[in-house]
Amino acid sequence: MINDTPQWTRLAAHAKTIESTHLRTLLKDEARNAALTAEHNGITLDYSRQNATLETMDLLFDLAEAAHLREKLAAIASGDHVNATEDRAVMHMALRSPANKPMYVDGKNVVEDVHEVLAAIRRFSDRVRSGEAHGATGKKLLNIVSIGIGGSYLGPEYVFEALRHEKVAKAAAAGRTLRFLANVDPVDAARAVEGLNPEDTLVVVVSKTFTTAETMLNARTLRKWLVDGLAAKGVSAADAIRHHMIAVSAAVPKAQEFGIAPENVFGFWDWVGGRYSVCSAVGIVPLALHYGADVTDAFLAGAHDLDEHLLNAPLRQNLPVLLGLLGIWNSSFQGHATRAMLPYAQALLRFAAHIQQVDMESNGKRVALDGSVLPFAAGEINFGEPGTNGQHSFYQLIHQGRVVPCDFIAFCKSQTPTHLAGEKVSNHDELMSNFFAQPDALANGKTVEELAAEGVPAALRPHKAFPGNRPSLSLLFHGSLDAFACGQLLALYEHRTVVQGAIWGLNSFDQWGVELGKVLATQVRNQLSASRADAAAELKGFNSSTASLLKRYLA
Ligand SMILES: O=P(O)(O)OC[C@H]1O[C@H](O)[C@H](O)[C@@H](O)[C@@H]1O
């Protein structure tokens, strides 16, 4: 266990010495501030507002060595079956590898397969976008509804939202819509098809396993919507499905059993974890249909750029390694269980939701790789919202309540530059004023003495005081949020999670913790079915608490 190493012990002892130094003091050391920065291809990371010194960083890099981080990352890139409980390789980096850079799983160059599927997606999306492939009544397929949940939904939605007002992507999507249907709540299906006409709608069923209950019921629900809507136009059910439903899955035969023609199924592989699958057909099919394949290629190139950086940059300049080590420092040594992602970019409104799955499903574990119980808490509680919205919501707590390490994320240029005549600054500069102000407010705080000097009445001073000493880091992208940067940001946060899992010594690639609830839901489903058929059917196998709620519901 990593906590048995002298490197861990040294960090634990060092954490005690850091406690006494306020960030206000640390930030006075200009040499330290300059050292606690790193840069890579259009991204600056400033981590000078961490409760950390140069010595802290040395100790964290020692810990990375003790955890064999480099070797573990190399093992992933070599296609080793590092997901031991499922006996699978973890090769999402191969999904964005250029055709001339092979990567191998079990002796096979999987990059060839990747590019075969990418080429098929490009051909198909070009045909749909040009109208060559059309609906059963001859109409262009302008509306896409992508059905999927978890990893088959969150990443694609993050990218879709991120690029909606990016110049190139927006122009490419003119006249088209893309919607997502994830929740089994029938209200989500109603929202997804609201105002749409089956004649110009293409439904994409996205599921790695093609067995996920929610996705399958939603797929049947929209299949009926298509078949019924098109029957009114004299289209047969078979034609409705052939022209209006496609699938993305690692279980191609199951998609075919559902009734989707083999040429309309885009595959991926068991070495792509669901939450790491946005760069596979899972994300690329709906996104290429909507934005075109040139945009998705730029997105993949951005992710690849960060992959190369992860594998080749020295650890001290390695952005995802730095993010991961600081996450370990804050959670395992500073006792902060939560962290916030705060993009000062409205287009990143679904970024935190996606990374929440990436991180919490990956590292929310209780045992080490070998099955022994971890003697420390792993994983972190992730949340986030774009700024400045969050400032008018939960920032009260992060300034004066609990300590929540924050990642501030922003872009030098806006996707939609606006500067009103007579205004002091552009709208983007107004946004960015907050991006620069908040980290210092958190770090420095405001003392009772300062308040007294300002003439604040004594009774109010404790309420208006800010303790400060609250850690954050700032990620500043030099350009605007385009498809390339969107890919970089995705890979940066995917790798951050992998780095943390590697250091804690757990399996970041399985998710057994989601299974129990599914099994119990099956039992409830069977009961509901029996009770709806026969109101007198006995409620079997539930404790009195659940039985009584079920009775109330059935009544
Ligand atoms: O893509 P699917 O097989 O439909 O899986 C969808 C999602 O559901 C599962 O329960 C897992 O928790 C997720 O990791 C997965 O992304």
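Computed from a predicted structure; not experimentally measured.

## Regarding the site of the ligand
Neighbouring the ligand are the residues Ile 149, Gly 150, Gly 151, Ser 152, Ser 207, Lys 208, Thr 209, Thr 212, Gln 357, Glu 361, Val 514 and Lys 518. In the model, an oxygen atom of the ligand is placed 2.6 Å from a nitrogen or oxygen of the Ser 207 side chain. Side-chain polar atom of Thr 212 to an oxygen atom of the ligand: 2.5 Å apart, as the coordinates give it. Its residues assigned to classes, the shell around the ligand shows two nonpolar, seven polar and three charged.

## Some thoughts on the nonpolar core
Among the nonpolar cores identified, the biggest contains 125 residues, and Trp 271, Phe 299, Leu 348 and Tyr 493 are the most heavily contacted of them. Tallying contributions element by element places helix H21 (residues 483–504) first for this core, with 13 residues. Both domain 1 (2–67 + 313–504) and domain 2 (98–294) contribute no fewer than three residues apiece to this core. Setting aside residues no more than four positions away along its own chain, Trp 271 makes contact with Ala 89, Val 90, Met 91, His 92, Ala 94, Leu 95, Val 105, Val 110 and Val 114. Counting 26 residues, the second-largest nonpolar core is a separate cluster that includes Ile 147, Ala 192, Val 193 and Met 245.

## As for the pairing of strand S10 (residues 338–343)
Summarising burial for S10: six of the six residues are buried, a large majority. Here S10 shows no split at all, with Thr 338, Ala 340 and Leu 342 on one side and Arg 339, Met 341 and Pro 343 on the other all buried. With four bridges joining them, S10 and strand S11 (residues 381–384) adopt parallel strand pairing. Across the sheet, Met 341 pairs through a bridge with Gly 384, a residue of S11.

## Quick word on the domain arrangement of the chain
Taken domain by domain, the chain holds domain 1 (2–67 + 313–504), domain 2 (98–294) and domain 3 (515–554). On a C-alpha basis, the centres of domain 1 and domain 3 stand 45 Å from each other.

## Comments concerning the pattern of salt bridges
Inspection of the entire model under this criterion finds 25 salt bridges. Here Arg 96 makes a salt bridge to Asp 307, at a shortest N to O gap of 2.8 Å. Placement of Arg 96 in the loop between helix H5 (69–77) and strand S3 (104–105) and of Asp 307 in helix H14 (residues 293–312) is noted, with a sequence separation of 211 residues between them. The class for Arg 96 is buried, based on a relative accessible area of 3%. Classification of Asp 307 by relative accessible area gives buried; the value is 2%. Bridged by salt links that share partners, the residues Asp 46, Arg 49 and Asp 440 form one connected network.

## Concerning the sheet that holds strand S5 (residues 143–147)
In spatial order, the strands read S6-S5-S7-S8-S9; together these five strands make up an open sheet with parallel pairing. Sheet topology places strand S6 (177–181) and strand S9 (265–267) at the edges, where each strand pairs with a single neighbour. The sheet shows a mean angle of 20° between the axes of neighbouring strands, taken without regard to direction. Across five bridges, S5 lies against S6 in parallel orientation. Residue pairing for S6: Ser 146 is matched across the bridge by Phe 180. Relative to the sheet, helix H10 (residues 213–231) contacts S5, S6, strand S7 (201–206) and strand S8 (245–249), its axis offset from that of S7 by approximately 160°.

Each value, and the rule that gives it
- Within each chain, residues carry numbers counting from 1 in the order of the written sequence.
- Under the rules for a predicted model, residues below a pLDDT of 70 receive no local features and side-chain atom pairs below 80 are neither given nor counted, while totals for whole chains, interfaces and linings still include all residues.
- Only hydrogens and water are set aside when side-chain values are computed; all heavy atoms of the structure are taken into account.
- Note on definitions. A residue lies near a molecule or strand when any single heavy atom of the residue is within 4 Å of it.
- Pairs of N or O atoms are called polar contacts if they sit within 3.5 Å, as long as, within protein, a hydrogen donor faces a hydrogen acceptor (for residues adjacent in sequence, only side-chain-to-side-chain pairs).
- Amino acids outside the nonpolar list (Ala, Val, Leu, Ile, Met, Phe, Trp, Tyr, Cys, Pro) and the charged list (Asp, Glu, Lys, Arg) are all regarded as polar, and Gly is one of them.
- Throughout, nonpolar core names a set of buried Ala, Val, Leu, Ile, Met, Phe, Trp, Tyr and Cys residues whose side chains join them through atoms within 4.5 Å.
- Whether a residue is buried, partly exposed or exposed follows from its accessible area with a 1.4 Å probe, protein chains only, as a fraction of its type maximum: under 20%, in between, or over 50%, in that order.
- For the purposes of this entry, the term helix denotes a DSSP run of H or I that reaches at least four residues, the term strand denotes a run of E that reaches at least two, and both are numbered from the N terminus.
- Boundaries between domains were set according to an automatic or database domain assignment.
- The criterion used for residue contact is that any of the two residues' heavy atoms lie within 4.5 Å.
- Pairing between strands requires that DSSP locate at least two bridges from one strand to the other.
- A pairing counts as a salt bridge when a side-chain nitrogen of Lys or Arg comes within 4 Å of a carboxyl oxygen of Asp or Glu.
- Throughout, an axis means a line fitted to C-alpha atoms (over the contacting stretch in the case of helices), and angles, computed between N-to-C directions, take values from 0 to 180 degrees.

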